[in-house]
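# Examination of the molecular architecture
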Amino acid sequence: MDTLIETPRKIRVRPTRAQAEEAVRTLLAWTGDDPDREGLVGTPDRVVRAYEEFFEGYQDDPVALLERTFEETGNYNEMVVLRDIRLESHCEHHIIPLIGKAHVAYLPDRRVVGISKLARLVDVFAHRLQIQEKLTAQVADTIQSVLQPRGVAVVIDAAHQCMTTRGVRKPGVSMVTSRLLGEFKTSEPLRRQFFAMVGIGGV
């Protein structure tokens, strides 16, 4: 039975699992190998199951994730920082992993959210086909939109295997992106404090 899935641009028909597995068989044959040999006969099923894990973020609503908040904060209004969040995503240009870490901070305005929700928010967007710049913006903008804090800061530092294992082949290179909103954008001392807390110097 066909399943309808919603994308940011349109609603389209999602291929069946059998069609997805057949697509993997086609790629295996295209490489020059035999998809019916013993070592590969189960590969289409394994690849589809792996994709279900890699891209499970399409099944989750990032806004709903942050909607449950807490107002009993003891008037706490200083920075909340979650650093070194393990990040695994896939580049939308080559479907090759990008792996790194995210640092997320916000300045509460009367309400806070459970810290596990911030880590989960990173996962929701990371478990979609991505470019790092968009991923960084999505995490920051969602926190700002839902929690409406006084400011948000997100930094992502990741290595892209699309440039370390192919193409220019430059291992050891990582890409750093940031999104600063509200008081993090307007206050240099606050920015410096955040960067120092997450171990980014010289800013």
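Okay, so let's go over this structure. All values reported here derive from a predicted model rather than from experimental measurement. (Residues numbered from 1 in each chain as written. Predicted model: local features only at pLDDT ≥ 70, side-chain atom pairs only at ≥ 80, totals over all residues. Heavy atoms only, no water.)

Even without being glycine, asparagine 75 reaches a positive phi, approximately 60°. Looking at where asparagine 75 falls in the secondary structure, it is placed in the loop between helix H3 (62-66) and strand S3 (80-91). Its relative accessible area of 74% is what places asparagine 75 among the exposed residues. (Helix = DSSP H or I, 4+ residues; strand = E, 2+ residues; numbered from the N terminus. Buried < 20%, exposed > 50% of the residue type's maximum accessible area, 1.4 Å probe, protein only.)

Before going further, it helps to examine a nonpolar patch on the surface. A grouping of Tyr51, Phe54 and Ile95 is seen on the molecular surface, where their side chains present a nonpolar patch of about 260 Å² in accessible area. Relative to the elements of secondary structure, tyrosine 51 occurs in helix H2 (residues 43-54). (Patch = residues over 30% accessible without salt bridge, like charges linked within 9 Å, V, L, I, M, F, W, Y side chains within 5 Å. Areas by Shrake-Rupley, 256 points an atom, 1.4 Å probe, with all protein chains shown as cover. Salt bridge = Lys/Arg side-chain N within 4 Å of Asp/Glu carboxyl O.)

For strand S4 (residues 97-107), a buried count of eight out of 11 residues is recorded, marking the element as mostly surrounded by other parts of the structure. Here S3 hands over to S4 after five residues, with isoleucine 95 in that stretch at a positive phi of 55°. (Pairing = 2+ DSSP bridges.)

Right, let's talk about the nonpolar core for a bit. Of all hydrophobic cores here, the largest spans 32 residues; its most connected members are Leu87, Val104, Tyr106, Val139 and Ile143. For this core, the secondary structure elements donating two or more residues are H3, S3, S4, helix H4 (115-126), helix H5 (132-147) and strand S6 (151-160). Leave out the neighbours within four places in its chain, and isoleucine 143 touches Leu66, Val104, Tyr106, Leu118, Leu121, Gln148, Pro149 and Val152. Ala105, Val155, Leu180 and Leu190 belong to the second largest nonpolar core, which has 11 residues in total. (Core = buried A, V, L, I, M, F, W, Y, C linked by side-chain atoms within 4.5 Å. Contact = heavy atoms within 4.5 Å.)

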